[in-house]
Amino acid sequence: MTQGSQRFRNRVLVLLLAVFGCSPVTSPPTQSQESAPDALTLVPEVTIKELMEKTITPATNTIWSYYEPPAEERDWVLLEEAAVTMLAAVSLNAAGGTGPMDNEWVQDPRWKAFNLVMLQASRDALDAIRARDHNALLAASDVMYPPCEGCHVQFNPGVINAQ
């Protein structure tokens, strides 16, 4: 196993633990739980700020750092890890978080619009990376920045000045 794939597995594990928690099952499911529909209900376990700082920011920084075409296959692998992380994290971002304003923010149509643009840009980045199309990657990464900046300005202006 390569160091890059190990880092990716560790990121996915951290992301899954953050979302689903790590509480052990202490009793068997009740009859009502067994008959419940097979729908997954996401219950946020971390704040949106934590999700941003621990997953989205490092992933976008990786994607944005390749303004020149990747020189080696391992660079494409790192980019793919970042794009997959973005897809997962942005999807979770839509569920809200445990922060004081998180659930209010995710109900705001502006927040939803920013998140949808990020989700599509992440998909586009992943498609470009898998196609080894650097120009398409640059186009997708250019789409990622405005919703980041716009969302920070509208929902968390202090984060802009803290960077």
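Up top is the structure these notes are about.
Residues numbered from 1 in each chain as written. Predicted model: local features only at pLDDT ≥ 70, side-chain atom pairs only at ≥ 80, totals over all residues. Heavy atoms only, no water.

Draft legend 1. Expanded view of the pattern of salt bridges. Counted under the stated rule, the structure contains 5 salt bridges. Its salt-bridge partner being Glu53, residue Lys49 comes within 2.5 Å of it at the nearest N-O pair. Taken together, the residues span about one helical turn, with Lys49 and Glu53 both in helix α3 (residues 48-64) at a distance of 4 residues. With a closest N to O distance of 2.8 Å, Arg110 and Asp108 form a salt bridge. By relative accessible area, which is 42% here, Arg110 ends up partly exposed. (Salt bridge = Lys/Arg side-chain N within 4 Å of Asp/Glu carboxyl O. Helix = DSSP H or I, 4+ residues; strand = E, 2+ residues; numbered from the N terminus. Buried < 20%, exposed > 50% of the residue type's maximum accessible area, 1.4 Å probe, protein only.)

Draft legend 2. Quick peek at the packing of α3 against helix α7 (residues 134-155). Where α3 contacts α7, the axes come no closer than 10 Å and their chain directions differ by 140 degrees. Here α3 lies oblique to α7, going by the angle between them. α7 is crossed by α3, and the crossing has left-handed handedness. Seen from α3, the contacting residues are Thr60, Ile63 and Trp64; seen from α7, they are Leu137, Ser141, Met144, Tyr145 and Cys148. (Axes fitted to C-alpha atoms, helices over the stretch in contact; angles between N-to-C directions. Parallel < 35°, antiparallel > 145°, perpendicular 65-115°, else oblique. Left-handed = near helix turned anticlockwise from the far one by under 90°. Contact = heavy atoms within 4.5 Å.)

Draft legend 3. Main features of the side chain of Ser141. For Ser141, the location among the structural elements is in helix α7. Contacts of Ser141, omitting those with residues within four sequence positions, involve Ile63 and Trp64.

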